[in-house]
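In case you want the letters, here they are:
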Amino acid sequence: MVSLRPLAALPVVGVVADGRTYRRLLYLLIAVPLWVVYSGFVTFALAFGLVFSVVLVGVGVLIGAVVASRIAAGLERWLANSLLGTDLVAPDDLQAPATDGSAGAVATVGAYLSAPSTWRGLGFVSLKFWVTVLALAPLAVLARSLALVGAPVRYPYAPQFGEVNGEPAVWAIDTAPEAALATGVGVVGLLVGLHLTNLIAGGARLMAVALLGESDESDGGDDGDRVTVERDGDREVADDPDGSDDRGADSDGEPDADGFQFDADPADPDPDPDDRG
């Protein structure tokens, strides 16, 4: 039976058939307007907070901006789970009085400021600026490449590629061969843009896992429950969750893994006197 290889698994061109590529592209598209909102909020908070910090009002604005960054971190966590394939959960590092509302305003603010997730989320939102800057490159390449792919139905066509020495760099596409060449260049540009999209979105995914996720320490005791057995230079590792040694459980005369056989009673190597004759 002949099995067809999935298109998404093909090298270089498989990125076109991979649905994850377009989810990551959507993530980068959303990152641009989001950063406009983030930068406007941060600029206002810093400007207003620093100017009025002498009357303590600005200090409250700065603290409020830090606490509000948890909302942005929650949005970024949802975006990462939806578009980048992560499975992040909201951190649970706030003190109980701050979560159930039994603490006062000062204690609640102090709990938010002392929570590590607050500062990790603020760090992610700050680093998101560089993700947005890098995202402009594949978005520009894809936009220009799509225009070239459609050259056969648009020529005569003269796309502009920036400026050289103050003069616009223009490619005049006036004939069918030139349009076909432009289409080939556009296809290559699309592949490059999609690969850049995966690369940048992959970096954002690593950032989200490191800064927006909650570390799972439920497996912290696994190393302490592992028993190491060394035999003739070989090393074996076995799980021993009960902390007991079961090496004597199978010493009922059955051969071990190396083919040796142990008697049931080490003190009586020959329990049957009739066999000694």
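Residues numbered from 1 in each chain as written. Predicted model: local features only at pLDDT ≥ 70, side-chain atom pairs only at ≥ 80, totals over all residues. Heavy atoms only, no water.

**Some thoughts on the overall build of the protein**
Counting its regular elements, the protein contains 6 helices and 4 strands. Scored against the burial criterion, the 277 residues of the protein give a buried share of 26%. Long-range pairs, those at least 24 residues apart, make up 59% of the contacts in the protein between residues at least 6 apart in sequence. For the protein, the accessible area works out to roughly 17900 Å², and carbon and sulfur atoms hold 62% of it. (Helix = DSSP H or I, 4+ residues; strand = E, 2+ residues; numbered from the N terminus. Buried < 20%, exposed > 50% of the residue type's maximum accessible area, 1.4 Å probe, protein only. Contact = heavy atoms within 4.5 Å. Areas by Shrake-Rupley, 256 points an atom, 1.4 Å probe, with all protein chains shown as cover.)

**Regarding the side chain of Thr197**
Relative to the helices and strands, Thr197 is located in helix 6 (residues 176–211). Excluding its chain neighbours within four sequence positions, the residues that come into contact with Thr197 are Thr21, Arg24, Leu25, Leu28, Pro138 and Leu142.

**Digging into the packing of helix 1 (residues 19–51) against helix 6**
Close contact between helix 1 and helix 6 brings their axes to 9 Å; oriented N to C, the two are set at 70°. Relative to helix 6, helix 1 is oriented roughly perpendicular. In this structure, helix 1 crosses over helix 6, and the sense of that crossing is left-handed. Every residue of helix 6 that contacts helix 1 at Thr21, Tyr22, Arg24, Leu25, Tyr27 and Leu28 is listed here: Leu194, Thr197, Asn198, Ile200, Ala201 and Ala204. Within the contact of helix 1 with helix 6, the residues separate by chemical class into 8 nonpolar, 3 polar and 1 charged. (Axes fitted to C-alpha atoms, helices over the stretch in contact; angles between N-to-C directions. Parallel < 35°, antiparallel > 145°, perpendicular 65-115°, else oblique. Left-handed = near helix turned anticlockwise from the far one by under 90°. Nonpolar A, V, L, I, M, F, W, Y, C, P; charged D, E, K, R; others polar.)

**A closer look at the packing of aromatic side chains**
Across all of its chains, the model carries 5 aromatic pairs by this definition. Between Trp35 and Tyr38 the ring centres are 6.4 Å apart and the planes differ by 80°, which places this aromatic pair in the edge-to-face class. On the criterion of helical spacing, the pair formed by Trp35 and Tyr38 is a turn pair, its members being 3 residues apart in helix 1. Neither residue differs from the other here; Trp35 and Tyr38 are each classed as buried. (Phe/Tyr/Trp six-rings, centres within 6.5 Å; stacked < 30°, edge-to-face > 60°.)

**Examining helix 1**
The end-to-end C-alpha separation of helix 1 is 48 Å, in line with the 48 Å expected for 33 residues at 1.5 Å each. When helix 1 is considered as a whole, its buried residues turn out to be Thr21, Arg24, Leu25, Tyr27, Leu28, Ala31, Leu34, Trp35, Tyr38, Ala45 and Gly49. Looking at the buried side of helix 1, the elements it contacts are helix 2 (57–83), helix 5 (116–149) and helix 6. (Expected span 1.5 Å × (residues − 1).)

**Some words on the pairing of strand 2 (residues 167–170)**
Alignment of strand 1 (residues 160–164) against strand 2, held across 3 bridges, turns out to be antiparallel. Its bridge partner lying in strand 2, Gln160 is registered against Val170. Counting the residues that bridge the hairpin from strand 1 to strand 2 gives 2 residues, and of these Asn165 lies at a positive phi of roughly 55°. (Pairing = 2+ DSSP bridges.)

**Here we look at the layout of surface pockets**
The probe, sized like a water molecule, is rolled over the atoms to show the empty space still left. The calculated volume of the largest pocket comes to roughly 390 Å³. Phe41, Val42, Ala65, Ser69 and Leu122 are, among the 18 residues lining the largest pocket, the residues nearest its centre. At the level of secondary structure, the elements contributing two or more residues to the lining of the largest pocket comprise helix 1, helix 2 and helix 5. It is helix 1 that provides the largest number of residues to the lining of the largest pocket, a total of 8 residues. (1 Å grid on protein atoms, 1.4 Å probe; cavity = no way out; pocket = protein on both sides within 12 Å on 5 of 7 lines; lining within 4 Å. Points joined across faces, edges and corners; volume = space filled by probe spheres on them.)

**Considering the packing of helix 1 against helix 2**
Interaxial distance between helix 1 and helix 2 falls to 10 Å at its minimum, and their mutual angle equals 175°. Judged by the inter-axis angle, helix 1 sits roughly antiparallel to helix 2. Each residue belonging to the contact of helix 1 with helix 2 can be placed in one class, and the counts come to 21 nonpolar, 3 polar and 3 charged.

**Thoughts on the confidence of the model for the protein**
For the protein, mean pLDDT is 78; residues scoring 70 or higher make up 72% of the total. Averaged over each element, pLDDT in the protein is lowest for strand 3 (residues 226–231) (41) and highest for helix 6 (94). pLDDT under 50 marks residues 215–251. Its contacts with residues more than four places away, or in other chains, come to 23 contacts. Predicted confidence is poor over residues 255–262, with pLDDT under 50, and the contacts of this stretch with residues over four places away or in other chains come to 8 contacts. (pLDDT = per-residue confidence, 0-100.)

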